[in-house]
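Summary of the model geometry
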Amino acid sequence: MSETVVLVFTGVIGLGILLCLLRLFMGPTAADRAVAADTACTVTTALLVLMGYVFRRYVYIDVSLVYAVLTFIGAVAIARFLERGI
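This section reports on the structure supplied with the text. The numbers attached to residues start from 1 for each chain and follow its sequence in the written order. Totals for whole chains, interfaces and linings use all residues, but because this is a predicted model, local features are given only for residues with pLDDT of at least 70 and pairs of side-chain atoms are given and counted only at 80 or more. To obtain the side-chain values, all non-hydrogen atoms of the structure were used and water was disregarded.

Quick word on the environment of Phe-9
Counting through the fold element by element, Phe-9 comes out in helix α1 (residues 3-26). According to the relative accessible area criterion, Phe-9 is partly exposed, its value standing at 40%. Put simply, Phe-9 and Cys-20 are eleven residues apart on the chain and 17 Å apart in space, counted from C-alpha to C-alpha. The contact definition used throughout considers only heavy atoms, calling two residues in contact when any of these lie within 4.5 Å. Excluding anything up to four places from it in sequence, Phe-9 contacts Met-1 and Leu-50. A run of H or I in DSSP becomes a helix once it reaches four residues, and a run of E becomes a strand once it reaches two; helices and strands are each numbered from the N terminus. When accessible area is computed with a 1.4 Å probe and restricted to protein chains, residues below 20% of their type maximum are described as buried, those above 50% as exposed, and intermediate ones as partly exposed.

Structure below.
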């Protein structure tokens, strides 16, 4: 993969994380903040996959899979808390 394409992908992913963090800190409701946190984690997972491909270190892909599962469990826990409390 060309270096320019990697830089473009990294820039788009970085911008996505920045926008998610902006919504996370400025979100008017708790649900907005929860969705922004979940989206930021999903975009970070994409960054880990890109890093694994670029650096040829496929352990990053394994880490991203574990991170995605933990993100899902956390999102379900937050949604359950927001819906009716734990």
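Points about a nonpolar patch on the surface
Exposure above 30% relative accessible area and no salt bridge define the residues that can form patches, which grow by joining like charges within 9 Å and nonpolar side chains of Val, Leu, Ile, Met, Phe, Trp and Tyr within 5 Å. For every accessible area listed, the method is Shrake-Rupley and the probe measures 1.4 Å; residues are considered covered only by the protein chains on display. For this analysis, a salt bridge means a side-chain nitrogen from Lys or Arg found within 4 Å of a carboxyl oxygen belonging to Asp or Glu. Together, Met-1, Val-5, Val-8, Phe-9, Val-12, Tyr-53, Val-54 and Phe-55 make up an exposed nonpolar region whose accessible area comes to about 720 Å². Looking at the nonpolar patch, the element that brings in the most residues is α1, giving four residues.

Remarks on the environment of Arg-57
If you trace the backbone, Arg-57 turns up in the loop between α2 (30-54) and α3 (59-84). When its relative accessible area of 51% is taken as the criterion, Arg-57 is described as exposed. With 19 residues separating them along the chain, Arg-57 and Val-76 place their C-alpha atoms 30 Å apart.

Examining the side chain of Ser-64
When you line up the elements, Ser-64 lands in helix α3. Judged by relative accessible area, Ser-64 falls into the buried class, the value being 2%. At a separation of 2.7 Å, a polar atom in the side chain of Ser-64 contacts the main-chain carbonyl oxygen of Ile-61. Setting aside chain neighbours within four positions, we find Ser-64 in contact with Thr-45, Leu-48 and Val-49. Whenever two N or O atoms come within 3.5 Å, that pair is a polar contact, provided that in protein one can donate a hydrogen and the other can accept it, and provided that, for residues adjacent in sequence, both atoms are side-chain atoms.

Some words on the packing of α1 against α2
In the contact formed by α1 and α2, the axes pass within 8 Å of each other and the chain directions differ by 160°. Put simply, α1 runs roughly antiparallel to α2. Handedness of the crossing formed by α1 with α2: left-handed. Mapping the contact onto sequence places Val-6, Phe-9, Thr-10, Ile-13, Ile-17, Cys-20, Arg-23, Leu-24, Phe-25 and Met-26 in α1 and Asp-32, Arg-33, Ala-36, Ala-37, Thr-39, Ala-40, Val-43, Thr-44, Ala-46, Leu-47, Leu-50 and Val-54 in α2. Each residue is assigned to one of three groups, with Ala, Val, Leu, Ile, Met, Phe, Trp, Tyr, Cys and Pro labelled nonpolar, Asp, Glu, Lys and Arg labelled charged, and all others, Gly among them, labelled polar. Residues that form the contact of α1 with α2 fall into these classes: 16 nonpolar, three polar and three charged. Helix axes use the C-alpha atoms of the stretch in contact, all axes being lines fitted to C-alpha atoms, and the angles between their N-to-C directions lie in the range 0 to 180 degrees. Oblique is the label for every angle not falling under 35 degrees (roughly parallel), over 145 degrees (roughly antiparallel), or within 65 to 115 degrees (roughly perpendicular). Put simply, a crossing is left-handed when the front helix is turned counterclockwise from the back one by less than a right angle, and right-handed when it is turned clockwise.

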